[in-house]
Amino acid sequence: MAIHSSVHDNGSTRRDSGAVPSVAHIREVGQPPAIRGRATAEHWSAALYWRRVSPHLTRRFLALGLSADAVTVGVILTGWMAALSLLIPSIAGPLLAAVFAQLQMLVDASDGEVARVRGTSGPRGVFLDKIAHYTTEGGIPIALGASLAISMGDVLPLALGALLGAMVLMNKALNDAVHVSRAAVGLGKMPDSTDSRRIDSSLLGLARKAFNLVPLHRIYHSVEMTHLILLAAIVQALTGAAVLWWLLIVMVVITPFVLAGHFVAILASPKLRPIR
């Protein structure tokens, strides 16, 4: 989820009067079409099931008097637990990592709902959300490399994990660089829509369609990474082969190509075009 869902349309700073809103009200106010209809920022797990559950958790957070920023701290902590769980030996580590990554998506859905129901807004929530996802998605490859380094008695996996983590962060930074670049020349925020990602070049457009058939760029999200690691750990436990080591190597090899494709796609899209 690349954009913090606790940024909301109402710029006021009003507080709740004390009554805890109903789940139905939380769904209405906390899950507007502008949020549910985003092209890229709404993760599939939220769209598929967590948005059905999150209002119940949000209602509990509101009853406890927690602010949206406090809930976003929970997003940070669950993400860190996902990464650190990979240091646990055996299949228990990858299993816990996958569970915490899913839990992070649930809490991430709730922090935006808390913010929209309370009618609060501000850049601090965006900042905290960025910290949550950057540290989680950059930390998971590092933790995987550290775990393999410990089990293999070799520093190379740690180095590759750190390299992969750096490339994952670069991939995320490309998206943020678009917003910074637009703001620097006075352009407004790019809408999270399909049109904003359109590529006019027929050749590049065809290449993107082919690339989307095998969406490698999705594996860098915390949910996909931890689930892929869990699958590799299961196969490794069943076969005895060094599947996790080979997974790390493959990801390190393919990521530069994903980065290059992402870079070209941004340049070819309307995102960086000046106002006509």
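None of these values were measured; they are calculated from a predicted model.

S.K.: Teacher, can you tell me more about the side chain of Ser222 here?
M.R.: Its location among the elements puts Ser222 in helix α9 (residues 222-239). Ser222 sits in the buried class, given a relative accessible area of 0%. A polar side-chain atom of Ser222 sits 3.3 Å from a polar atom in the side chain of Gln104. Leave out the neighbours within four places in its chain, and Ser222 touches Ala101, Gln104, Met105, Thr136, Glu137 and Ile140.

S.K.: Teacher, can you tell me more about helix α1 (residues 23-30) here?
M.R.: Helical periodicity: at 3.6 residues per turn, an α-helix aligns residues three or four positions apart in one direction. Along α1, the residues classified as buried are Val23, Ile26 and Gly30. Buried residues in α1, looked at end-on, bunch into an arc of 55°, giving them a common side. α1 presents Ala24 and Glu28 as exposed residues on the side facing more than 90 degrees away from its buried surface. Where α1 is buried, its residues contact α3 (44-63) and α5 (92-118).

S.K.: What's the story with the nonpolar core in this structure? I'm lost.
M.R.: If you look at soluble globular proteins, the nonpolar side chains tend to sit buried side by side. Residues Leu164 and Leu248 are the most contacted members of the largest nonpolar core, which totals 28 residues. Among the elements of the structure, α6 (123-152), α7 (156-184), α9 and α10 (243-268) are those that each provide at least two residues to this core. If you tally residues by element for this core, the top one is α10, at 9 residues. Counting residues in hydrophobic clusters, the runner-up holds 13 residues, among them Phe61, Val71, Val114 and Ala132.

S.K.: Help me out: how do you make sense of the packing of α1 against α5 in this one?
M.R.: Helix packing for two helices is described by the angle between their axes and how far apart those axes are. In the contact formed by α1 and α5, the axes pass within 9 Å of each other and the chain directions differ by 90°. The angle between α1 and α5 places the two elements in the roughly perpendicular class. Residues Ile26, Val29 and Gly30 of α1 touch α5, and the partners they reach there are Glu113, Arg116 and Val117. Looking at side-chain class alone, the contact of α1 with α5 contains 3 nonpolar, 1 polar and 2 charged residues.

S.K.: Looking at this model, I keep getting lost on the packing of α6 against α9. Mind explaining?
M.R.: Direction vectors running N to C along α6 and α9 enclose 20°, while the axes themselves pass 9 Å from each other. Relative to α9, the element α6 lies roughly parallel. Every pair of crossing elements has a handedness; the one defined by α6 and α9 is left-handed. Counted together, Thr136, Glu137, Ile140, Pro141 and Leu144 of α6 and Ser222, Met225, Thr226 and Ile229 of α9 form the full contact between these two elements. Looking at the contact of α6 with α9 residue by residue, the classes come out as 5 nonpolar, 3 polar and 1 charged.

S.K.: In this structure, what is going on with the environment of Ala159? I would like to understand it.
M.R.: Mapped onto the secondary structure, Ala159 falls in helix α7. According to the relative accessible area criterion, Ala159 is partly exposed, its value standing at 44%.

S.K.: Before we go on, may I ask you to explain the pattern of salt bridges in this structure?
M.R.: One pass over the full model with this rule turns up 4 salt bridges. Among the salt bridges present, the one from Arg51 reaches Glu113, with a minimum N-O distance of 3.1 Å. One end of the pair, Arg51, is in helix α3; the other, Glu113, is in helix α5, with 62 residues separating them in the sequence. Look at Arg51 and you get buried, because its relative accessible area is 1%. Here Glu137 makes a salt bridge to Lys172, at a shortest N to O gap of 3.1 Å. Of this pair, Glu137 sits in helix α6 while Lys172 sits in helix α7; the two residues are 35 residues apart in sequence, bridging distant segments of the chain. Using a relative accessible area of 4% as the deciding quantity, one classes Glu137 as buried.

S.K.: Where do I start with the environment of Val178 in this structure?
M.R.: Positionally, Val178 belongs in helix α7. Spatially, the C-alpha atoms of Val178 and Lys189 are 9.4 Å apart, while their sequence positions differ by 11 residues. If we skip the residues at most four places from it in the chain, Val178 touches Ile266, Lys271 and Leu272.

Calculation criteria
- Residues numbered from 1 in each chain as written.
- Predicted model: local features only at pLDDT ≥ 70, side-chain atom pairs only at ≥ 80, totals over all residues.
- Heavy atoms only, no water.
- Helix = DSSP H or I, 4+ residues; strand = E, 2+ residues; numbered from the N terminus.
- Buried < 20%, exposed > 50% of the residue type's maximum accessible area, 1.4 Å probe, protein only.
- Polar contact = N/O pair within 3.5 Å; in protein donor to acceptor, adjacent residues only side chain to side chain.
- Contact = heavy atoms within 4.5 Å.
- Arc of directions from axis to C-beta.
- Core = buried A, V, L, I, M, F, W, Y, C linked by side-chain atoms within 4.5 Å.
- Axes fitted to C-alpha atoms, helices over the stretch in contact; angles between N-to-C directions.
- Parallel < 35°, antiparallel > 145°, perpendicular 65-115°, else oblique.
- Nonpolar A, V, L, I, M, F, W, Y, C, P; charged D, E, K, R; others polar.
- Left-handed = near helix turned anticlockwise from the far one by under 90°.
- Salt bridge = Lys/Arg side-chain N within 4 Å of Asp/Glu carboxyl O.

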